[in-house]
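Residue strings, one per chain:
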Amino acid sequence: MGEDWRISSKNVLGEFTLNLLLTLHLTEERSRRSAAGWGGDQVLLLENKAGKNAVLVETAWDDLAEADEFFSAMQAWFQARFPTGKKSDESATGFSLIQDKEAHALRREGTTVRFVIGMTESEAPKLARL
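Residues numbered from 1 in each chain as written. Predicted model: local features only at pLDDT ≥ 70, side-chain atom pairs only at ≥ 80, totals over all residues. Heavy atoms only, no water.

## Remarks on the overall build of the protein chain
Rules: Secondary structure elements follow DSSP: runs of H or I no shorter than four residues count as helices, runs of E no shorter than two count as strands, and numbering proceeds from the N terminus. Partly exposed residues are those whose accessible area sits between 20% and 50% of the maximum for their type, while under 20% is buried and over 50% is exposed, using a 1.4 Å probe and protein chains only. Counting rule applied: Lys, Arg positive; Asp, Glu negative; His and chain ends not counted. Just so you know, the charge point we use is NZ for Lys, CZ for Arg, CG for Asp and CD for Glu.
A tally of regular secondary structure across the protein chain gives 3 helices and 7 strands. The helix and strand sequence of the protein chain, counted from the amino end, reads β-α-α-β-β-α-β-β-β-β. With the C-alpha coordinates aligned to their principal axes, the bounding extent of the protein chain is approximately 40 × 30 × 25 Å. Counting the 130 residues in the protein chain, one finds 42% classified as buried. Of the charged side chains in the protein chain, 16 are positive and 20 negative; the average position of the first set lies 5 Å away from that of the second.

## Remarks on helix 2 (residues 28-35)
What counts, and what does not: It is the directions from the helix axis to the C-beta atoms that the arc portrays.
Looking at helix 2, one finds that the buried residues are Ser31, Ser34 and Ala35. Down the axis of helix 2, the buried side of the element spans an arc of 95 degrees, and every buried residue falls inside it.

## What about the environment of serine 72?
Along the chain, serine 72 falls in helix 3 (residues 64-81). Separated by 62 residues in the primary sequence, serine 72 and lysine 10 place their C-alpha atoms 25 Å from one another.

## Considerations on the pairing of strand 6 (residues 102-109)
Put simply, the rule reads: Note on pairing: two strands pair once DSSP finds at least 2 bridges between them.
With respect to burial, strand 6 is a largely interior element, 6 of its 8 residues being buried. Sheet topology note: the strand 5 (residues 94-99)/strand 6 ladder contains 6 bridges and is antiparallel. Bridge pairing links phenylalanine 95 to leucine 106 in strand 6. Taking the residues that link successive antiparallel strands as the turn, the strand 5-strand 6 hairpin has 2 residues, and the phi of aspartate 100 there is positive, at about 50 degrees. Across 8 bridges, the pairing between strand 6 and strand 7 (residues 112-120) is antiparallel. From the neighbouring strand, alanine 105 faces strand 7, where its bridge partner is valine 116. Where strand 6 folds back on strand 7, the antiparallel hairpin that results is connected by 2 residues, among which glycine 110 adopts a positive phi of roughly 60 degrees.

## Topic: the packing of aromatic side chains
This is how it is decided: Whether two aromatic rings pair depends on their centres lying within 6.5 Å, for rings of Phe, Tyr and Trp, where Trp uses its six-membered ring; planes under 30 degrees apart make the pair stacked, over 60 edge-to-face, and the rest tilted.
The final tally for this structure, using the stated rule, is 7 aromatic pairs. Ring plane angle 45 degrees and centroid distance 6.4 Å describe the contact between phenylalanine 70 and phenylalanine 115, whose orientation is recorded as tilted. Here the residue phenylalanine 70 occupies a position in helix 3, and phenylalanine 115 occupies one in strand 7, the gap between them amounting to 45 residues. What makes phenylalanine 115 buried here is its relative accessible area of 2%. Aromatic pair phenylalanine 78 and phenylalanine 82: ring centres 6.1 Å apart, planes at 65 degrees, arrangement edge-to-face. You'll find phenylalanine 78 and phenylalanine 82 in the same group, each marked buried.

## Thoughts on the packing of helix 1 (residues 14-23) against helix 2
Cut-off, in case you're wondering: Here the axes come from fitting lines to C-alpha atoms, over the contacting stretch only for helices, and the angles between their N-to-C directions go from 0 to 180 degrees. Here is the rule for handedness: rotate from the far helix to the near one, and if that takes an anticlockwise turn smaller than a right angle the crossing is left-handed, while a clockwise turn gives right-handed. Contact between two residues is taken to exist if any of their heavy atoms lie within 4.5 Å; hydrogens are not considered. Each residue receives one of three labels: charged for Asp, Glu, Lys and Arg, nonpolar for Ala, Val, Leu, Ile, Met, Phe, Trp, Tyr, Cys and Pro, and polar for the others, Gly being one of them.
Closest axis-to-axis distance for the helix 1/helix 2 pair is 8 Å, and the angle between their directions is 145 degrees. The hand of the helix 1/helix 2 crossing is right-handed. Facing Glu15, Leu18, Asn19, Leu22 and Thr23 of helix 1, the residues of helix 2 in contact are Glu28, Ser31, Arg32, Ser34 and Ala35. Tallied by class, the residues present in the contact of helix 1 with helix 2 amount to 3 nonpolar, 4 polar and 3 charged.

## So, the nonpolar core
Buried together is how nonpolar side chains tend to be arranged in soluble globular proteins. Under the convention used in this document: Note on terminology: a nonpolar core comprises buried Ala, Val, Leu, Ile, Met, Phe, Trp, Tyr and Cys residues joined through side-chain atoms within 4.5 Å.
Ranked by internal contacts, the top residues of the largest apolar core, which has 19 residues, are Phe70 and Met74. Elements that contribute at least two residues to this core include exactly helix 1, strand 3 (53-61), helix 3, strand 5 and strand 7. It is helix 3 that provides the largest number of residues to this core, a total of 7 residues. In contact with methionine 74, other than residues within four places in its own chain, are Leu21, Leu22, Leu106 and Phe115. Counting residues in hydrophobic clusters, the runner-up holds 10 residues, among them Leu44, Ile98, Ala103 and Ala105.

Right under this line is the structure:
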């Protein structure tokens, strides 16, 4: 994320919490199905020098199909959570948008899915390296 950001907290969400996160904007059935296959994660709360916070989550999935399902669900979640967001990237392995001067992104590499919520719009180019 760059030297302007520091990790202020580190933890694990787990399958149950990812399911709860998804149910904020998706159906219970889709959320449950999309959180199944969870193989691990780590969540970081980041803070920049200006006191702005962002959340970075890296998840691991049992197989590529499970990673794809979670990636697809999170893409729908992002669109529901940030309904007026302007898409800045949309591909088979990446999705990002900007709303209210904040950038939010999602990336899949193999069985790993990463997402960040709450970066400043000026730092959006960093999301391509997520």
